Amino acid sequence: GEQVEQRPPHLSVPEGDSAVIICTYTDSATAYFYWYKQEPGAGLQLLMSVFSNVDRKEEQGLTVLLNKKDKQLSLNLTAAHPGDSAVYFCAVRSSSGSWQLIFGSGTQLTVMP
Amino acid sequence: EAGVTQSPRYAVLQEGQAVSFWCDPISGHDTLYWYQQPRDQGPQLLVYFRDEAVIDNSQLPSDRFSAVRPKGTNSTLKIQSAKQGDTATYLCASSFWGAQDTQYFGPGTRLLVL
């Protein structure tokens with residue numbers, strides 16, 4: 001079945017710097033891609049969703065890139081600030097079969113003031 | 001509009017005890033999901049419903065876990081005889097029915113089994 005690898009597991013950046021998180025998936029039928037943010041003790045907050053017909057999407061300081069050839073999805077936080085500190089998860093879903101989300105293992109992002 | 005709500009937020013049990021988790025999805029969402037999130041891991045699907053029907057429960061440990069959604073709205077996830085390995089956060093999510101529809105998550109219930 002589908003597998004998702006997410007890296008790095010931990011990321012520290014100074015305030016104002018960019019932070020990049022990368023996920024690699026295995027199933028070429030994967031059609032839907034998501035990034036979620038999880039703050040301590042909270043559920044998952046949807047940051048952005050991308051469909052497979054999109055290579056790049058930008059919203060509010062976030063950029064998602066989708067490289068279908070390499071089966072890679074990335075999230076770039078430009079000009080990170082301390083409020084961005086949280087765990088970030090990528091998730092993918094196939095266009096057929098089960099509609100469950102397959103999650104990466106998460107990236108703990110710390111933005112230092 | 002209210003988001004997905006869950007209760008309780010925390011539960012602490014001894015091994016062998018039973019516990020139930022409750023989820024109220026976003027109004028109008030016909031699809032409801034239960035995920036288990038062990039510490040420092042991503043969520044893993046346990047079961048999901050469309051209205052009151054179970055669509056996929058293949059990853060639900062059926063000997064001790066059960067889930068129902070009798071009226072197609074709220075849902076209950078129950079663990080009959082908890083084990084230490086069940087320690088995790090249990091997340092509920094809801095969406096409209098459709099592969100492209102985004103799942104929205106509740107705050108979760110953090111379970112500790114001693």
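This text goes with the structure placed above it.
Conventions we followed
Residues numbered from 1 in each chain as written. Chains lettered and ligands numbered in written order. Predicted model: local features only at pLDDT ≥ 70, side-chain atom pairs only at ≥ 80, totals over all residues. Heavy atoms only, no water. Contact = heavy atoms within 4.5 Å. Polar contact = N/O pair within 3.5 Å; in protein donor to acceptor, adjacent residues only side chain to side chain. Helix = DSSP H or I, 4+ residues; strand = E, 2+ residues; numbered from the N terminus. Core = buried A, V, L, I, M, F, W, Y, C linked by side-chain atoms within 4.5 Å. Buried < 20%, exposed > 50% of the residue type's maximum accessible area, 1.4 Å probe, protein only. Pairing = 2+ DSSP bridges. 1 Å grid on protein atoms, 1.4 Å probe; cavity = no way out; pocket = protein on both sides within 12 Å on 5 of 7 lines; lining within 4 Å. Points joined across faces, edges and corners; volume = space filled by probe spheres on them. Nonpolar A, V, L, I, M, F, W, Y, C, P; charged D, E, K, R; others polar.

Student: Is there a simple way to explain the interface of chain A and chain B in this structure?
Tutor: With 22 residues of chain A in contact, the opposing surface of chain B contributes 25 residues. Run the count over chain A and chain B and you get seven residue pairs in polar contact (both at pLDDT 80 or more). Going through the elements one at a time, β4 (30-38), β5 (44-51) and β9 (86-94) of chain A are the ones with two or more residues in the side of chain A that touches chain B.

Student: Where do I start with the nonpolar core in this structure?
Tutor: In this structure, W35, L73, L75, Y88 and L109 of chain A are the most contacted members of the largest nonpolar core, which totals 25 residues. Secondary-structure elements contributing two or more residues to this core are β2 (10-14), β3 (19-25), β4, β5, β7 (62-67), β8 (72-77), β9 and β11 (107-112) of chain A. If we ignore the near neighbours within four places in the chain, the residues touching L75 of chain A are A19, V20, I21, W35, L47, L62, T63, V64 and Y88 of chain A. If you look at the next biggest cluster of nonpolar residues, it comprises 23 residues, including V4, A11, L13 and L60 of chain B.

Student: Help me understand the pairing of β9 of chain A, please; the structure alone is not making it clear to me.
Tutor: The side chains of a regular strand alternate, residue by residue, between the two faces of the sheet. All names here are of chain A. In terms of residue burial, β9 counts as a mostly covered element, since eight of its nine residues are buried. Alignment of β4 against β9, held across eight bridges, turns out to be antiparallel. Directly across from Y36, in β9, lies its bridge partner F89. Looking at chain direction, β9 and β11 are connected through three bridges and run antiparallel. The residue bridging A86 from the neighbouring strand is L109, located in β11. With two bridges connecting them, β9 and strand β10 (residues 102-103) associate as antiparallel partners. Looking at the pairing, V92 lines up with I102 of β10.

Student: Honestly, the layout of surface pockets in this entry has me stumped. Any pointers?
Tutor: The calculated volume of the largest pocket comes to roughly 730 Å³. Surrounding the largest pocket, 29 residues form its lining, Q38 of chain A together with P38, R39, D40 and R110 of chain B being those nearest its centre. Elements with a minimum of two residues in the lining of the largest pocket: β9 of chain A together with β2 (10-13), β9 (88-95) and β11 (109-113) of chain B. The residue makeup of the lining of the largest pocket, split by class, is 14 nonpolar, eleven polar and four charged. Here the second largest pocket defines a volume of roughly 230 Å³. What lines the second largest pocket is a set of 14 residues, and nearest its centre among them are L47, E59, Q60, L62 and D84 of chain A. If you tally residues by element for the lining of the second largest pocket, the top one is β5 of chain A, at three residues. Its residues assigned to classes, the lining of the second largest pocket shows six nonpolar, five polar and three charged.

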